[in-house]
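Chain and residue survey
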Amino acid sequence: MNTQNKKHLVKTSLFASKAPLEWAIVNNGTLYTAQIPIDDTGAVVAGGIEAQTRQTLNNLVHTLECAGESLDSVLQVLIYVTDREYLKTVNSVYAEYFNAPYPNRAAMVVAGLAREEMLVEFVVYAAASQPE
């Protein structure tokens, strides 16, 4: 069996969702993850778009570290916000976390996210080492 193409779970200490999902999966050298602004109790953090963006990015950093990777491994980020005005704040916080050369990126303004109180969500693709 070719283990190169076998997906594996990245174990994190993020809140265990009741939804049928994993916080991160690695397959064929790519880590796939979606991150939301929840704390360790599963609650969406208060404090508006800046606090939610920081929590989302902190959850991403944690997930990458659990996979033995860092923000330097991130290849592409898809950013979803519920208001176009939020993009300026998201960009400002994002720039505190990432360094040039920046990941490829797209930003979308959507009518809403899975949880009504969520203002932002990131879908991220990163380079990742396969387990031995």
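See the structure printed just above.
Here we summarise the structure given alongside this text. As the structure is a prediction and not an experimental result, all values here were calculated from the model.

1. Section: the pattern of salt bridges
Should their charged atoms come close, side chains of opposite charge can pair. Under the definition given, this model contains 3 salt bridges. Arginine 54 is paired through a salt bridge with glutamate 50; the nearest N and O atoms lie 3.1 Å apart. Placement of the pair is arginine 54 and glutamate 50 together in helix H1 (residues 48–66), with a separation of 4 residues, close to one helical turn. Here arginine 115 makes a salt bridge to glutamate 117, at a shortest N to O gap of 3.7 Å. Judged by relative accessible area, which is 41%, glutamate 117 ranks as partly exposed.

2. Things to note about unusual backbone geometry
Between alanine 100 and the following residue, proline 101, the backbone shows a cis peptide bond with an omega angle of -5 degrees. When you line up the elements, proline 101 lands in the loop between helix H2 (86–97) and strand S5 (104–109). One non-glycine residue with positive phi stands out, namely asparagine 28, at about 50 degrees. Judged by relative accessible area, which is 42%, asparagine 28 ranks as partly exposed.

Rules and cut-offs
- Residues numbered from 1 in each chain as written.
- Predicted model: local features only at pLDDT ≥ 70, side-chain atom pairs only at ≥ 80, totals over all residues.
- Heavy atoms only, no water.
- Salt bridge = Lys/Arg side-chain N within 4 Å of Asp/Glu carboxyl O.
- Helix = DSSP H or I, 4+ residues; strand = E, 2+ residues; numbered from the N terminus.
- Buried < 20%, exposed > 50% of the residue type's maximum accessible area, 1.4 Å probe, protein only.

These figures come from the coordinates and say nothing about function on their own.
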